[in-house]
Amino acid sequence: MNPTRRDFLKLTTVGGAAAALFGFDLKPAYAQLRTLKIARANETRSTCPYCSVSCGVIIYTIGDRAKNVTPQVVHVEGDPDHPINRGTLCPKGASLEQDILNERRLLKPQVRRPGGTDWEDISWDDAIGEIAQKVKKTRDETFIEKDAAGHTVNRLESIAFTGGCTDTNEFNYLVVKTMRSLGVVYLENQARV
Amino acid sequence: MSQATLRVQKISGHAGSVPGEDTQREYTVCKLIDTTTCIGCKACEVACMEWNDLPFGETVFDNTYQTMPETRWNYWNLILFNEHEREDGSLMWLMRKNQCMHCAEPGCLAACPADGAIVQYTNGIVDFQQANCIGCGYCITGCPFDIPKMNPKTHRVFKCTLCTDRVSEGLEPACIKSCPTGCLHFGSKDDMLDLAGKRAKQLRDHSNFPKAGVYDPPGVGGTGVVYVLHDATNPELYGGLPKNPHVPLSVKLWKGPLKWLGNVAMIGGLVGLFVHYLRYGPKAREEEDLAAKPGGGKS
Amino acid sequence: MTNGWIDIKNTDMMLIMGGNPAENHPCGFKWPVEAKRTRNAKMIVVDPRFTRTASVADLFCQIRAGSDIAFLGGLIRYAIESNRIAKDYLLNYTNAAFVVKDGFKLPEDGLYSGFDAATQTYDKSTWNYEEGGDLSGKHGGGTHAPAKPAPVKDGKPSPPHLPENVAYDLTLQHPNCVFQLLRKQYSRYTPEMVERITGVPKDQFLKAADLFTSIRKDGDTKKVATIIYAVGWTQHTSGTQTIRTAAMLQLLLGNVGRSGGGVNALRGHSNIQGATDMAGIFEILPGYLKVPVPTDTGFKAYLERITPKSAKPHIWDSWNYWSNTPKFAVSFMKAMYGDAATKQNDWAFHYLPKVDRNYSWAYIWDDMYRGSVKGLFAFGMNGVAIGPDSNKNIEALKKADWLVVGEIYPDETSEFWKSPGITQDEMKRIQTTVYRLPCAGFAEKDGAFVNSARWLQWKNAALPPPGDAKVDQEILARIFLKVRELYQKEGGKFPDAILHATWSYTNPQNPALAEVAKEINGKALADIQDPVTKQEIKAGQQLPGYAWLKDDGTTSSGNWLYSGSFTEAGNMMARRGTEDPSGLGIYPNWAFSWPANRRVMYNRASCDLEGKPWDPSRKQVWWNEATQKWAGNDVPDFKADSKPKDHMGPFIMNPEGVGRLFVPIGAVADGPFPEHYEPIESPIENPLHPQQSNNPIVKKFKTDSDKYGTSKDYNIVCTTYRLTEHYHYWTKNNPMNVQLVPEPFVEIPAELANDMGLRGGEKVKVTSARGNYVAKAMVTKRIKAMTIDGRKTYQIGVPIHWGYRGIAEDEGKTAKTAANILSPTVIDPNAWTPEFKGFLVKLEKA
């Protein structure tokens, strides 16, 4: 047998219609044809986003990165080469496929206006434009150039930035660069709590 | 696809010889489960669900860390949690991965009247072929470990396949690969028994578990899943693991006198239909039934 | 972690306390299990509950949440009294022999010397070493100069500093030497006292003490023990000091720097080690550089304040690696501001905000509640659910002008305005504008995470973000560039730093993270040369490591610690070499480990004074006589050519060069030695000193939302934690994890349930001074009633994973409240981490 990804697509259910697919009746064949679902899927090496063990994970997507394919995740499994996890995963890491393919994911920018009782959609450009305006207004109204003793402090105490646990190093560095340049001192992270 | 490890050696409800029997050397595969290093994390439960794309179901909190009371037709691998107080007052929290034991002499297969619904490969894996299943549920009665479960909608019985699709490609089963502490191990039966024996000895010699031992019950010819237990004299402590499992007498009686029937291939099928009729009435097996998704499904 | 995940397999003894790695770090936990399986290593677990970690332990002790210092202090006493200590290590690699100033007082009454009750702060001038050389055998006082008053400058006394030539007594007999003070301090922590405070019965404590210290039985120096902890230690008002006690115990036993040893923090999230390194927290700049303060009148004054001078016995040597601080700081300013940072303008020092007080997590919410914080960015940070005191945080957000949330799922914080209990009318009165921006999940972005073992690992994007979601760096870049554009067009307050921050990325609107990573590593800005090897690096080339950094503006580096992670040879963080020639689990060619790719920190201490490994079967580094250099299977954490006879201390980041049993002057706010103080809400008065029950410098917060309970009204100790099946407030959106544990519960001792007539599965109401939480009861034998200071005391446990948005929540299956409704806003005085564990509640049937 030489299974193709198309076989996999149709064989996503257990005990499904393997017989019909291959054009012959399994009975009285005695070993059901079940193909390896990741046989030719694309492998991307990544790091589990949960705890700090940093398990290597392999994200399997269909499509060979050809232009006409939108990659679809079909499986996530531990990376056996990773020296720490050696292919193992915990119940959270093992369910990462459900995190990636989750129907609860946020898909569009939204805004809740003052006094609003629901979310409204907003375009990215409008959201970013409005946020920038608010940052500038808040900053200009409250920026502290000198403290009571006359020391130059160039500090902004009215805007806080809180960063999460799966922000990358590079993002965190950009946070430091942008926020410290704005004068932000309320700069905090999951690292604290 | 290499099917070297998927050559059939036993077939349920089948007359005559088994194709491929005695045609080549084989080894048996085996899972080793060391309950003394199991932390009940349930990675194996999830790996099983994810690899087999099983649909998610409802669960209800039941005063335990255990995901559900027992395995389901679409939940093949379940850690059983048991709090146990030792004589000295200290506590043990026993966790045991429960799934198909892949018995050398499978009670399910012995009980099954449907030709080819249950097969045993020469590597020891016992596999259900839902396409051939008639939904009689005899395998459920035949299993001393209470493992096979029926999908009430499609009347097909399911259980752990030992990831035949992975094993046949030279990979380890999904549960084995996922296990964080390495309390799960996979290899040949000989190697697993050797490892298990050494671990049990280590527990007796170094860890204050003088009754540590290996569970590979002879009543079912040994199993394709062996356990290391802190106390091998009390397997019942681990969520009712039977001390001396065996194929139920009723199955043996039923299959014994019926064996002669197998000489006539057609009749095997008829018996199957008859049993099916007795249990579920005249509703015929439908084609879409065979193709039906087992409910749920992922986004 | 001083060591690493895999290195744990090399240990002989484990103390797992303040952490539950089997549940929270299962895949890392394979290495403790490996040590058990392959070395017959022993595992001691100390926890308020019999956890899944405890289920594979050799010995379990149930401890009262928040009493860890008492237990560890008892271990220190036991190790000293039974002479199970690493004598040579202690004498040469720690400050045991250093003599402390006259006038320093131990906290027998709960207070160290120098306490000012009005400000709740300490004058730390006596928390220092004596000046003045060898006092060996000269104990009895009077041989050294009396303490001089601090010199006065600008009308204020200058902050105390360490003496350059520290007084010492190599016989360890001087009554004021660190070792004698240490012995005295913990002499009070008898097994009986440990039992009174912790609830661990004396005989059980002694069993644990005997087992743990057995590695140093009969003068053995080969064996090694590790201590493993997590937020079970940090989330207390005694957090930092608890970890210090553990470090002191490990120094006493000679376990730090050694393979299979160390003090190992298991961090709870994939990149909070990276976020700490990269200064995602207010008090530091990248690479643990201290933030500037208002009195730093210029860059020179700033450097002077933050660059330590070596302080040691004159007969010893100290590398004092932080003496390189100016090189790291100037290179950082060059990375931030490029050509706008020049020697002439003090490297644009005025661009950086000057920090004058505490701006940590709890203060964000406190000051937002008080109305001074007007806008909040929350990128993957669910402050309402994280707490503490979720209700206070919701009230705070109601007072903010705007909130920008970047998330992948709908969360409690972005929907605070429709949290349970808020009516439509009230909603209409909430004036906060909330933007919720869909971000990319981990699989949709590349970049580096830093694990607990300090490994920087690059990951690859597998697919694009779904829908209109965007990668975080694009969102941040676009907001920043839009703000910059507004300042360019309209002007405004002090726009200089905004206008001059370097932003020369190929795609400024969406910087490639690999480009950012290169900037962080650093490059030469002019041709530079190594004065010894004459090796040259051309302008524009990536630097091979931080040893190349200069303080003259010819190099730039966004974070000196990460220098070496992206060199001319490419992205070191993406390396995938699986070879481990030593078998110690070092994997030198896998990814990149800060600092300088070394895997076990302070590894010089793995050798004796002559430079030979304490245990030849675990060879990490060693002195090579032939080459006159340190060599190793790991990268030596040491000056490569420092001869053993020069006696350079292995703890190169301390100005003393040695490990600190006693922490001098400013480094710790509440005492040079840890002392047991009761949690802010405690069932008893502190048996050590009832008149000073709590940590004297811990301040309660004072808004009308900050309420603290007493044992009169709240009789049960409550701790909060995670389950292995869930991850924080994230997997409540994942159907697989929800199937594993579908709904919240409260773990309750069977005995208490019996008293209450409560059965498992029935609903209970947990009430603290802040609020109440309803969930089903899990009645278990795994938490037992305890006797605390003679009084029967119960503990219960509340897993944290639920809130008001999630699969179960949206289906109406939970009470829609966050566990942190219960926890108090009160913080550790050193790390400012809230006391999420060990507060008081009462329990009723719901």
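Starting from 1, residues in each chain are numbered consecutively following that chain's sequence as written. Numbering of ligands from 1 and lettering of chains from A proceed in the order in which they are written. Thresholds applied to this predicted model are a pLDDT of at least 70 for local features of residues and 80 or more for the giving and counting of side-chain atom pairs; totals over whole chains, interfaces and linings are not thresholded and use all residues.

(A) Broad picture of the overall build of chain B. For chain B, the count of helices and strands is 9 helices and 11 strands. Within chain B, buried positions represent 52% of all 299 residues. Placing C-beta atoms from the backbone, we regard two residues as in contact once those atoms come within 7 Å. Sequence separation of at least 24 residues holds for 64% of the intrachain contacts in chain B that already meet a minimum separation of 6. Secondary structure elements are defined from DSSP: runs of H or I of at least 4 residues count as helices, runs of E of at least 2 residues count as strands, and each element is numbered from the N terminus. Counting other C-beta atoms within 10 Å of a residue's C-beta gives its exposure: the residue is buried at 20 or more, exposed at 12 or fewer, and partly exposed in between, where C-beta atoms are placed from the backbone.

(B) Region of the structure containing the overall build of chain C. Helix and strand counts for chain C stand at 22 helices and 32 strands. Burial status across chain C gives 61% buried among its 846 residues. In chain C, the share of contacts with a sequence separation of at least 24, taken over all contacts with a separation of at least 6, comes to 72%.

(C) Looking closely at the interface of chain C and chain B. Chain C puts 29 residues into the contact, and the matching count from chain B is 27 residues. Going through the elements one at a time, α2 (30–39), α20 (735–740) and β29 (772–780) of chain C are the ones with two or more residues in the side of chain C that touches chain B. Each residue is assigned to one class: nonpolar for Ala, Val, Leu, Ile, Met, Phe, Trp, Tyr, Cys and Pro, charged for Asp, Glu, Lys and Arg, and polar for all the others, Gly among them. Each residue belonging to the side of chain C that touches chain B can be placed in one class, and the counts come to 14 nonpolar, 7 polar and 8 charged.

(D) Summary view of unusual backbone geometry. Following G387 of chain C, the chain continues into P388 of chain C via a peptide bond in cis, with omega recorded as 0°. Tracing the sequence through the fold places P388 of chain C in the loop between α14 (383–386) and α15 (390–399). Note that the residue after W594 of chain C, namely P595 of chain C, is joined by a cis bond; omega there is -5°. Among the secondary structure elements, P595 of chain C is positioned in the loop between β23 (592–593) and β24 (621–624). Even without a glycine there, the phi angle at R65 of chain A is positive, about 70°. Backbone geometry at N320 of chain C places phi at a positive 50°, although glycine is not the residue there. Looking at the secondary structure, you find N320 of chain C in the loop between α11 (299–306) and α12 (325–337).

(E) Geometry of the sheet that holds strand β3 (residues 72–78) of chain A. Residues and elements named next belong to chain A. With antiparallel pairing, 3 strands are arranged side by side in an open sheet as β1-β2-β3. One side of each edge strand has no neighbouring strand; the edge strands of this open sheet are β1 (42–47) and β3. Looking at each pair of strands side by side, their axes are set apart by 30° on average, direction ignored. Alignment of strand β2 (residues 56–62) against β3, held across 6 bridges, turns out to be antiparallel. Across the sheet, I58 pairs through a bridge with E77, a residue of β3. At least two DSSP bridges between two strands are required for those strands to pair. To define axes, lines are fitted to C-alpha atoms, for helices over the stretch in contact only, and angles between the resulting N-to-C directions are given on a 0 to 180 degree scale.

(F) Quick look at the domain arrangement of chain C. Residues and elements named next belong to chain C. Considered domain by domain, chain C is made up of domain 1 (6–86 + 187–270), domain 2 (292–306 + 319–354 + 454–598), domain 3 (603–650) and domain 4 (690–845). Placing a centre on the C-alpha atoms of domain 2 and another on those of domain 3 gives a separation of 31 Å. Counting from both sides, the interface comprises 7 residues of domain 2 and, opposite them, 9 residues of domain 3. Per-class residue counts for the side of domain 2 that touches domain 3 are 4 nonpolar, 2 polar and 1 charged. Boundaries between domains were set according to an automatic or database domain assignment.

(G) Quick look at the interface of chain A and chain C. Taken together, the contacts link 101 residues of chain A with 132 residues of chain C. When residues of the side of chain A that touches chain C are traced back to their parent elements, those giving at least two are β1, β2, α3 (96–100), β4 (110–112), α4 (124–142), β7 (152–163), α5 (169–182) and β8 (184–189) of chain A. Examining the composition of the side of chain A that touches chain C, we find that 13 residues originate from one element, α5 of chain A, more than from any other. Split by residue class, the side of chain A that touches chain C holds 46 nonpolar, 32 polar and 23 charged.

(H) View of α15 of chain C. All buried positions along α15 of chain C are accounted for by S390, K392, N393, I394, A396 and L397 of chain C. Next to the buried residues of α15 of chain C lie α13 (361–369), α14 and β13 (402–407) of chain C.

(I) Examining the environment of N715 of chain C more closely. Residues and elements named next belong to chain C. Within the element layout of this structure, N715 appears in the loop between β25 (629–632) and β26 (716–721). Taking the C-alpha atoms as reference points, N715 and T793, 78 residues apart in sequence, are found 7.7 Å from one another. With residues near it in sequence (within four places) discarded, N715 still touches P683 and K842.

(J) Local environment of the pairing of β8 of chain A. Residue and element names in this part refer to chain A. The element β8 is largely enclosed, with a buried count of 6 among its 6 residues. In this sheet, β8 lies alongside β7 in parallel orientation, the contact comprising 5 bridges. Looking at the pairing, G163 lines up with N189 of β8. Crossover connection from β7 via α5 to parallel β8: handedness right-handed. Whether a crossover is right-handed comes down to one check: with the strands pointing away from the viewer, does the path from the first strand over the helix to the second run clockwise; if it does, it is right-handed.

(K) Summary view of the environment of V635 of chain C. Residue and element names in this part refer to chain C. Among the secondary structure elements, V635 is positioned in the loop between β25 and β26. The buried category is assigned to V635, around which 20 C-beta atoms lie within 10 Å. A sequence separation of 619 residues divides V635 from I16, and the C-alpha atoms of the two residues are 27 Å apart. Residues in contact with V635, not counting those within four places in the same chain, are A596, N597 and R598.

(L) A look at the sheet that holds strand β5 (residues 118–121) of chain B. All names here are of chain B. Strand order across the open sheet formed by 3 strands is β1-β5-β6, with antiparallel pairing between neighbours. Strand pairing shows two members of the sheet lacking a second neighbour, β1 (8–11) and β6 (126–128), which therefore form its edges. Across the sheet, the axes of successive neighbouring strands diverge by a mean angle of 30°, strand direction being ignored. As defined by bridge partners, β1 adjoins β5 across 3 bridges and the pair is classed as antiparallel. Paired with V8 across the two strands is Y121, which belongs to β5.

(M) Fine view of the confidence of the model for chain C. Confidence of the predictor at the level of single residues is given by pLDDT, which spans 0 to 100. Summarising the model, chain C shows a mean pLDDT of 96, and 98% of its residues fall at 70 or more. Predicted complex, confidence summary: ipTM 0.96, pTM 0.93.

(N) Highlighting helix α5 (residues 178–187) of chain C. Residue and element names in this part refer to chain C. Residues of α5 that are buried: V178, F179, L181, L182, Q185 and Y186. End-on view of α5: buried residues confined to an arc of 160°, all on one side of the axis. Contacts made by the buried residues of α5 are with α3 (68–81). Arc, as used here, means the arc of the directions from the helix axis to the C-beta atoms.

(O) Structural view of the pairing of strand β16 (residues 455–459) of chain C. Residues and elements named next belong to chain C. Of all 5 residues in β16, 5 are buried, a share of seventy percent or more. The side-chain alternation of β16 yields two buried faces, one formed by W455, Q457 and K459 and the other by L456 and W458. Count of turn residues in the strand β15 (residues 447–450)/β16 antiparallel hairpin: 4 residues, of which R454 carries a positive phi of about 70°. For β16 and β23, the ladder comprises 2 bridges, and the chain directions are antiparallel. Paired with L456 across the bridge in β23 is F592.

(P) Focus on the environment of Y727 of chain C. The residue Y727 of chain C is located in the loop between β26 and α20 in this model. For Y727 of chain C, a count of 28 C-beta atoms within 10 Å puts it in the buried group. Separated by 73 residues in sequence, Y727 of chain C and I800 of chain C have C-alpha atoms that sit 9.3 Å apart. Excluding anything up to four places from it in sequence, Y727 of chain C contacts Y50 and K92 of chain A.

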